[in-house]
Amino acid sequence: MGPPEALVRSLVPAVLSDLEWHDEVSSTNALAAEAARRGVPEVHAVLADRQTAGRGRLGRSWHAPAGTSLLLSLVVRPEVPVPVLSLLPLLAGVALAEAVEPFCSGATVGLKWPNDLLVGGRKAAGILGEELGGAVVIGIGCNVDWRAVERPPELAGATSLAEAVGGTVDRWRVLAALVGVFGNRYRAWKAEPGAFLDDYQARSATLGRQVRITRHSAPAVEGLACAIGPDGSLVVRTPDGATVRCSAGDVEHLRPL
Ligand code: BTN
C-alpha cells in the first residue's frame, strides 16, 4: 500500500512537483532518471515498496524486503556551479539525519562519510546520487522496520529505525519529515551551497577517527579523518604527515582517537 492520500496532498504541489508510487520497480533511481530525461520539474519523487534491482554506491546492489523501508528517489534540477553538485548527497544525508532523529529517541544519529546514516552506530540508510546532464537523482534507501524479516548475512551489521529504538516507526511519517526537511535544506543550499557543511561536520561519525578508505582507482589510504573539503571530499592525514583528499571510496572506521 502506498502513502496515504492526505500525506500526498500535503506534499504535492507544496513541496514536491509530483510523487509517483509503485508497488514494484527495478530501481527508483532508474525510474527517476527516466523521469529526468522526460524533463519533469523539480522536485519529482519516485517511491516504491520493492525494488528488483536496487542500486547501492560503488556498483553494489541494495536489498530491502517489501513493506520494511523507504525507497525514494528525488529528481532535482539545481542551477548551481557544477563543482557544488557533488555536495547534494551530503546535503540529503544531513536532511535524512535531521528527519529521522525525532523518531530515534535516545539513539545517536550520525553520518558515516559520505552519507551512510548510522543509528546507534549501525547503518540504517544509504544514499546514492547520480548526475544526468542538468538533473541530479538522489536515491535514499532507509530501513524503517525490519523487525519481522530475516536479514541476509551480508546485512548482519545493519539496522532499521524500529530496531534501533525498540519500537514501531511509521514509514509515512518518516517520509513526511524527510521531504519537509529536505525541501527546506535544498532551498537554503541553492542560495549558499557550502553553508550546510558545518552541520554535516557536526553530524559526522567519521571525523576524528582513524579510517581506512578503499578506493576504486587509487591505492587505499589509512589515517586520521580530519576535515571535509568544500567539495565534500574527506581529508585524511596519513601517519607520514601527508594530507590526502578522497572524493569517493568506502570508509572503514578503525578506532576512535
Ligand atoms: C548505499 O550503497 O549506501 C546507497 C544505497 C541507496 C539505495 C537507494 S534505495 C532507493 C534508491 N533506488 C536505488 O536503486 N537506490 C537508491
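About the cut-offs
- Residues numbered from 1 in each chain as written.
- Predicted model: local features only at pLDDT ≥ 70, side-chain atom pairs only at ≥ 80, totals over all residues.
- Heavy atoms only, no water.
- Near = heavy atom within 4 Å.
- Polar contact = N/O pair within 3.5 Å; in protein donor to acceptor, adjacent residues only side chain to side chain.
- Nonpolar A, V, L, I, M, F, W, Y, C, P; charged D, E, K, R; others polar.
- Domains from an automatic or database assignment.
- Contact = heavy atoms within 4.5 Å.
- Salt bridge = Lys/Arg side-chain N within 4 Å of Asp/Glu carboxyl O.
- Helix = DSSP H or I, 4+ residues; strand = E, 2+ residues; numbered from the N terminus.
- Buried < 20%, exposed > 50% of the residue type's maximum accessible area, 1.4 Å probe, protein only.
- Phe/Tyr/Trp six-rings, centres within 6.5 Å; stacked < 30°, edge-to-face > 60°.

Okay, the site of the ligand next. If you check the shell around the ligand, you find 20 residues, and the closest are S27, T28, R55, R57 and K123. Between the ligand and the protein, one listed contact pairs a nitrogen atom with a side-chain N or O atom of T28 at 2.9 Å. Between the ligand and the protein, one listed contact pairs an oxygen atom with a backbone N or O atom of R57 at 2.7 Å. Tallied by class, the residues present in the shell around the ligand amount to six nonpolar, ten polar and four charged.

Looking now at the domain arrangement of the protein chain. One can read the domain layout of the protein chain as domain 1 (5-202) and domain 2 (206-254). Between domain 1 and domain 2, the C-alpha centre-to-centre distance is 24 Å. On the domain 2 side, the residues contacting the 13 residues of domain 1 number 17 residues. On the surface where domain 1 and domain 2 come into contact, there are one salt bridge. Between D250 and R60 there is a salt bridge; the shortest N-O distance is 2.4 Å. Applying the counting rule to domain 1 against domain 2 returns six residue pairs in polar contact (both at pLDDT 80 or more). When residues of the side of domain 1 that touches domain 2 are traced back to their parent elements, those giving at least two are β4 (109-112) and α6 (197-203). Of the residues forming the side of domain 1 that touches domain 2, the biggest block, three residues, is contributed by α6. For the side of domain 1 that touches domain 2, the residue count by class is eight nonpolar, two polar and three charged.

As a further point, take the pattern of salt bridges. Considering all chains together, one arrives at 15 salt bridges under this definition. When the shortest N-O distance is used, the salt bridge between D49 and R171 registers 2.9 Å. Of this pair, D49 sits in strand β2 (residues 44-51) while R171 sits in helix α5 (residues 171-191), and the two are 122 residues apart along the sequence. Of the two residues examined, D49 and R171, each falls in the buried class. A salt bridge links R212 to E222, with the shortest nitrogen-to-oxygen separation between them at 2.9 Å. Placement of R212 in strand β8 (residues 209-214) and of E222 in strand β9 (residues 221-228) is noted, with a sequence separation of ten residues between them. Using a relative accessible area of 29% as the deciding quantity, one classes R212 as partly exposed. Residue E222 is classed as partly exposed on the basis of its relative accessible area, which comes to 39%. Members of the salt-bridge network, linked through shared partners, are E98, R185 and D199.

Next up on the list: the packing of aromatic side chains. One pass over the structure, following the stated rule, counts three aromatic pairs. When the ring of F182 is compared with that of Y186, the centres are 5.5 Å apart and the planes differ by 10°; the resulting orientation is stacked. Placement of both F182 and Y186 in helix α5 is noted, with a separation of four residues, approximately one turn of the helix. The exposure classification of F182 matches that of Y186, with both residues buried. Ring geometry for Y186 and W189: centres 6.0 Å apart, planes at 20°, overall stacked. Here Y186 and its partner W189 are both found in helix α5, three residues apart, which amounts to about one turn of the helix. Across this residue pair, the class does not change: Y186 and W189 are buried. Joined through ring pairs, the aromatic side chains of F182, Y186 and W189 make up one cluster.

Moving on, we get to unusual backbone geometry. At the junction of V12 and P13, the peptide bond is cis and its omega measures out at 5° in the coordinates. Note that P13 resides in the loop between α1 (5-11) and β1 (18-25). Here the bond from W113 into P114 is cis, since omega is 0°, no more than 30 degrees from zero. The phi torsion at L58 lies on the positive side, around 55°, for a residue other than glycine. With respect to the helices, strands and loops of the structure, L58 is situated in the loop between β2 and β3 (69-76). Taking the relative accessible area as the measure of exposure, L58 reaches 31% and is therefore partly exposed.

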